[in-house]
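Here is what each chain is made of, one letter per residue.
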There are 2 protein chains.
Amino acid sequence: MTAYDPSRVVADLRELAARTGGAEGSRRLAWTPDWLQARAFFRESLATLPVEIDEDEAGNLWAVLRGEQPATVLVGSHLDSVPKGGWLDGALGVMSGVELIRAIAAEGTPPVTVAVVDWADEEGARFSRSLFGSAACMGTLDIEVLRGLTDREGQRLPEVLADHGVDIDNLDGAQRRMADVKAYIEVHIEQGPILEQQGLGIATVTGTKGIERERLVFRGQAAHAGTMPMAMRRDSFRAAARFALAIAEIGERHDGVTTVGQVQCWPGVVTAVAGETRITMDMRHISADSLKAMFDEAHHAAAAASEAEGCTVEWEHIFRIPPMPFHPELLAAAHRAVAAVEGHDFELPSGALHDASEVAREIPTVMIFSSSIDGLSHTKEEDTPDEHLQMAADAFHRTCREAIQLVAQGRL
Amino acid sequence: MTAYDPSRVVADLRELAARTGGAEGSRRLAWTPDWLQARAFFRESLATLPVEIDEDEAGNLWAVLRGEQPATVLVGSHLDSVPKGGWLDGALGVMSGVELIRAIAAEGTPPVTVAVVDWADEEGARFSRSLFGSAACMGTLDIEVLRGLTDREGQRLPEVLADHGVDIDNLDGAQRRMADVKAYIEVHIEQGPILEQQGLGIATVTGTKGIERERLVFRGQAAHAGTMPMAMRRDSFRAAARFALAIAEIGERHDGVTTVGQVQCWPGVVTAVAGETRITMDMRHISADSLKAMFDEAHHAAAAASEAEGCTVEWEHIFRIPPMPFHPELLAAAHRAVAAVEGHDFELPSGALHDASEVAREIPTVMIFSSSIDGLSHTKEEDTPDEHLQMAADAFHRTCREAIQLVAQGRL
């Protein structure tokens, strides 16, 4: 019997990094040869076990260990990375799941089916559509939007996916994979600084924050920087600056996060008052009520900032996802696992989206986080102490064991 | 005898616009065929008069009417425009000067020499070096900087100018043209909204404002918009926003103008806190003391904004020119001319640079402004009521007559 071995998870992660990374960081961009190489390592790792390995209609890679019941405990994450990305983002969850299958398979036929999935194109780094594979399985993709997506080289998403055997007119078939899934567990690095600041290695994740993402277009009047008196200006950038400071205050006061990350001024020259300024706003909160309050206040703040500068403001919707609180029974299991491994009950919401955000729409879900050094991710500097990676894999395994029991008992 | 006829100035401006403009605006970009066509019209307008017409070593186009003394009253402005520019910017001053030469020449040999100059490449729209021709005549060009300038198509300034007979290693020769110049008078559109707001057609210009132009680089820490708590952020864009609002307040309080016209954030994506934000600052004042106070306060404001957001700030110098107050005797003459034409003594500083800014470094100078409809310039919508154009030409002519007397009497 092969007991679950967290050190083997770390060894597998290092092997994966050796095959698909380097001095410039990870190269596992979805729908590229390096990504296929990572997936080959996944298949290889499970090759000698009694599992069914195949891809679904959306390109998600599954390894299924049939149990006494079709009811399934699903685990997973994603092997794809952003360009020059980190070695742990996504890979930790997949390789922890591979080790789970090894440990369970070694014990004979499990009471319920256990599966690990490598979700396709979680990052959306090439076509700007994140959570692709998990969204396909949950039926939340907009096919018409997908049809129009291209990468920087002008390659069209439908054609690139077709080269990987994925027909975007046939994605719905992937939803059948979820029919028997009763629980989903994902372990991931935090990608933020909170656990490190708390001096902790792991934590229970309470859910993923809801997001409101908008583009704001402030319009005033372009004017000569030398000849237009201050009192007569309608300066769109000043309106945007007022808004940016107001939105930061709103985020702080509600204990959420708000960000203005992209700014463009027109005409955008040193000698001209900006007639038009476009900014993006991203706001997140784990509470739907708080997120709504923040969003309403942002509208008031934008109107006030515009009025103060004699400008107008227009909102262009970019993206929205509601908060996804995780399942109480699985949260309790995760809390017990974290307490057993590190001896505390610290929990936090995830500020980043994960495939778990999609799955949690309909299926009981929970996540475990490991710490991230300096909170860094999506960069080659991304790292986590080995000890914390092993603690995370350990807590993940314990949580999975409880989930298997809960599903076997029909309690999920 | 041909008396000075302001209506002929307007007729010439319309003819020039018909030849070198259209629905898209003026096309008199320096060092292009359309600009040469405008200059051909200048030569044509003076062809039958006893004037010497030629270009100096910097490509400035001169028409000189020799008087009883070599001591010279110089008038002028520029025929070049920005792409899709207005029909009056620069052209008003040149065509008013052409009419002056006609009127003076009709009276026989004047007591002093009178000359009109079409300064080359005032706008700097192609190679980003404005006031080219007038700066050459005043010896303030940096030849090494010129050597490295290219346009958007990658054409190098030295080669383009060589095609127009201008050798950048021989620009100094143009300075000889100024040896006998005792006074310089330029009439121009305001390019701002102040005269229109005052309900006036023309005004005396007291000088051109000094300019401090800098790039500020705020540096914080790029971070994930979802996972980095507000309290731990070092948001460079928030620092820039604080500075932009502070600098506006500084401009208002000192009765100057301050502008942040260009903003760039890195990484510049909706999901990331901006690790670095670059902005431009342009500040102007007619008083050197006030400009210095504003500049000092801007440094304090930038330091305070950076500190408030846990960022650093670095200043990169772009451009500086001191205020250029005009000459008291010529200002008095201009005031009398404006009073005679429109019956008031309204005066204002120029927020925009003009060739007069260069000439005023060493030579008694004054300017007259006409109003600008809606304060617009550098656009095809640029316009001024005909009545105001004629009043401006009239006041310009009266000022020139006084200048000729002052020079003839050895008082300038």
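Before reading further, recall that the structure is shown in the block above.
Below: a short report on this structure. (Residues numbered from 1 in each chain as written. Chains lettered and ligands numbered in written order. Predicted model: local features only at pLDDT ≥ 70, side-chain atom pairs only at ≥ 80, totals over all residues. Heavy atoms only, no water.)

## Section: the relation of the copies chain B and chain A
Thought 1: Of the transformation placing chain B onto chain A, the axial shift is 0.0 Å and the rotation is 180 degrees, giving an RMSD of 0.0 Å. Taken together, these values place the two copies in the relation of a two-fold axis. Residue Ala241 of chain B, judged by its C-alpha, is the member of chain B lying nearest the rotation axis, at 2.2 Å.
Thought 2: Same-surface contact between copies: 100% of interface residues of chain B are shared with the interface of chain A. (Least-squares fit on C-alpha atoms with pLDDT ≥ 70 in both. Contact = heavy atoms within 4.5 Å.)

## Some details on the packing of helix H10 (residues 328–342) of chain B against helix H12 (residues 386–408) of chain B
Residue and element names in this part refer to chain B.
Thought 1: Axis separation between H10 and H12 bottoms out at 8 Å; the angle between their running directions is 140 degrees. One finds that H10 runs oblique with respect to H12. Crossing handedness for the pair H10 and H12: right-handed. Contacts between H10 and H12 pair Glu329, Leu330, Ala333, Ala334, Arg336, Ala337, Val338, Ala340, Val341 and Glu342 from the former with Met391, Asp394, Ala395, Arg398, Thr399, Glu402, Ala403 and Leu406 from the latter.
Thought 2: Of the residues assigned to the contact of H10 with H12, the class counts are eleven nonpolar, one polar and six charged. (Axes fitted to C-alpha atoms, helices over the stretch in contact; angles between N-to-C directions. Helix = DSSP H or I, 4+ residues; strand = E, 2+ residues; numbered from the N terminus. Parallel < 35°, antiparallel > 145°, perpendicular 65-115°, else oblique. Left-handed = near helix turned anticlockwise from the far one by under 90°. Nonpolar A, V, L, I, M, F, W, Y, C, P; charged D, E, K, R; others polar.)

## Observations regarding the pairing of strand S5 (residues 181–189) of chain B
Residues and elements named next belong to chain B.
Thought 1: Of all nine residues in S5, eight are buried, a share of seventy percent or more.
Thought 2: Judged from the six bridges that link them, S5 and strand S16 (residues 365–370) form a sheet pairing that is parallel. What sits directly across from Val187, in S16, is Ile368. (Buried < 20%, exposed > 50% of the residue type's maximum accessible area, 1.4 Å probe, protein only. Pairing = 2+ DSSP bridges.)

## Observations regarding the packing of aromatic side chains
All names here are of chain A.
Thought 1: Here the structure, examined in full by the defined rule, presents 15 aromatic pairs over all chains.
Thought 2: Plain terms: the ring middles of Trp119 and Tyr184 are 6.1 Å apart, the flat faces sit at 65 degrees to each other, and that makes the pair edge-to-face. Taken together, the residues Trp119 in the loop between strand S4 (112–118) and helix H4 (132–138) and Tyr184 in strand S5 (residues 181–189) connect sequence positions 65 residues apart.
Thought 3: Put simply, the rings of Phe218, Phe243, Phe295 and Trp315 pair up and form one aromatic cluster. (Phe/Tyr/Trp six-rings, centres within 6.5 Å; stacked < 30°, edge-to-face > 60°.)

## Some thoughts on helix H2 (residues 33–45) of chain B
All names here are of chain B.
Thought 1: Over its 13 residues, H2 runs 18 Å from end to end, which matches the ideal 18 Å to within 8%, given 1.5 Å per residue.
Thought 2: Taken together, the buried positions of H2 are occupied by Trp35, Ala38, Arg39, Phe41, Phe42 and Ser45. The buried residues of H2 all sit within an arc of 150 degrees when viewed along its axis, so they share a single face.
Thought 3: Next to the buried residues of H2 lie helix H1 (6–20), strand S1 (52–55), strand S2 (61–65), helix H3 (91–105) and strand S4 (112–118). (Expected span 1.5 Å × (residues − 1). Arc of directions from axis to C-beta.)

## Comments concerning the interface of chain B and chain A
Accessible area lost upon the coming together of the parts is a frequently used measure of interface size.
Thought 1: Counting from both sides, the interface comprises 49 residues of chain B and, opposite them, 49 residues of chain A.
Thought 2: Of the roughly 4100 Å² buried at the junction of chain B and chain A (both faces included), carbon and sulfur atoms supply 67%.
Thought 3: Among the residues chain B hides against chain A, the three largest losses belong to Met230, Phe237 and Val270 of chain B. Together they make up 15% of the total.
Thought 4: Applying the counting criterion to the chain B and chain A interface returns two salt bridges.
Thought 5: With a closest N to O distance of 3.3 Å, Arg238 of chain B and Glu252 of chain A form a salt bridge.
Thought 6: Viewed at the interface, chain A and chain B are joined by ten residue pairs in polar contact (both at pLDDT 80 or more).
Thought 7: Within the residue set of the side of chain B that touches chain A, elements represented by two or more residues are helix H7 (194–198), helix H8 (236–253), strand S9 (257–259), strand S10 (263–266), strand S11 (272–273) and strand S12 (276–285) of chain B.
Thought 8: With nine residues, H8 of chain B is the single largest residue contributor to the side of chain B that touches chain A. (Buried area = accessible area lost by both parts, 1.4 Å probe. Salt bridge = Lys/Arg side-chain N within 4 Å of Asp/Glu carboxyl O. Polar contact = N/O pair within 3.5 Å; in protein donor to acceptor, adjacent residues only side chain to side chain.)

## Re the pairing of S2 of chain B
Residue and element names in this part refer to chain B.
Thought 1: Within S2, five of the five residues are buried, which leaves the element mostly enclosed by the surrounding structure.
Thought 2: As defined by bridge partners, S1 adjoins S2 across four bridges and the pair is classed as antiparallel. Pairing of Glu52 across the sheet is with Val64, part of S2.
Thought 3: In textbook terms, the turn of a hairpin is the stretch between consecutive antiparallel strands, and for S1 and S2 this stretch comprises five residues, one of which, Gly59, has a positive phi near 85 degrees.
Thought 4: As judged from the five bridges shared by S2 and S4, these two strands associate in the antiparallel manner. Counted as the bridge partner of Trp62 is Val117 from S4.

## So, H10 of chain B
Residue and element names in this part refer to chain B.
Thought 1: A rise of 1.5 Å per residue sets the reference length of H10, with its 15 residues, at 21 Å; its end C-alpha atoms lie 21 Å apart and thus fit the reference within 8%.
Thought 2: Residues of H10 that are buried make contact with S5, strand S6 (202–208), strand S15 (347–350), S16 and H12.
Thought 3: Positive phi appears at Gly343, one or two residues downstream of H10, with a value of about 80 degrees.

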